[in-house]
Amino acid sequence: TGRSHAQARHMYSVRGFPASNFLAPPQPMEWLDFNGELPSVCRTTRVFTSEHACRFDGLHMHLVAHLDETTAIDAYAERTSWTCTYVRLLDEDDALWLPAGARVECTIDVDASTDLPTYAIQVRVAGDARSPFSHVTDFSWRGDG
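Residues numbered from 1 in each chain as written. Predicted model: local features only at pLDDT ≥ 70, side-chain atom pairs only at ≥ 80, totals over all residues. Heavy atoms only, no water.

Draft legend 1. Inspection of the packing of aromatic side chains at higher detail. Per the counting criterion, the structure on display carries five aromatic pairs. Considering the side-chain rings of Phe 22 and Tyr 76, the 5.1 Å spacing of their centres and the 55° angle between planes classify their relative orientation as tilted. Of the two residues, Phe 22 sits in the loop between β1 (10–14) and β2 (41–49) while Tyr 76 sits in the loop between β6 (72–74) and β7 (84–88), which places them 54 residues apart along the sequence. Taken together, a centroid distance of 5.2 Å and an interplanar angle of 10° make the contact between Tyr 119 and Trp 141 stacked. Taken together, the residues span a long stretch of sequence, with Tyr 119 in strand β10 (residues 118–126) and Trp 141 in strand β11 (residues 134–142) at a distance of 22 residues. Using a relative accessible area of 18% as the deciding quantity, one classes Tyr 119 as buried. Of the residues examined, Trp 141 reaches a relative accessible area of 13% and is grouped as buried. (Phe/Tyr/Trp six-rings, centres within 6.5 Å; stacked < 30°, edge-to-face > 60°. Helix = DSSP H or I, 4+ residues; strand = E, 2+ residues; numbered from the N terminus. Buried < 20%, exposed > 50% of the residue type's maximum accessible area, 1.4 Å probe, protein only.)

Draft legend 2. Expanded view of a negative patch on the surface. A cluster of acidic residues, Asp 91, Glu 92, Asp 93 and Asp 94, forms a negative patch on the protein surface. Under the relative-accessibility criterion, Glu 92 is labelled partly exposed at 49%. (Patch = residues over 30% accessible without salt bridge, like charges linked within 9 Å, V, L, I, M, F, W, Y side chains within 5 Å. Areas by Shrake-Rupley, 256 points an atom, 1.4 Å probe, with all protein chains shown as cover. Salt bridge = Lys/Arg side-chain N within 4 Å of Asp/Glu carboxyl O. Lys, Arg positive; Asp, Glu negative; His and termini not counted. Charge placed at Lys NZ, Arg CZ, Asp CG, Glu CD.)

Laid out in structure tokens, this is it:
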């Protein structure tokens, strides 16, 4: 809004996050099949490849629920009772400038074995397809943030 500053290591509910600020196309970070057995603990790793040079300081997350083969609810694309979440991981001074083709690896650990699930994300970055990943930051929270 220009009236406030997002603090690092905080989660924010957001609407209207500009798609031009996305580093890469979204990928599922947690996939639940409510018709089957739900895992109580799981780990998922996703690698995002930047489509353009950009400044990386956080993650935008939103819910997509596939109800059947033809019906889906996308909390980013349409107005729903769910809001999207932005996790500001790095202070403005610590934000990383990434070239097009850089890779951001997110490893997500979920422990849903209690009434209040815990989530943890480890973020690593590589400048291109041949470079090794370097640890950038971790972030964890309980429940829906």
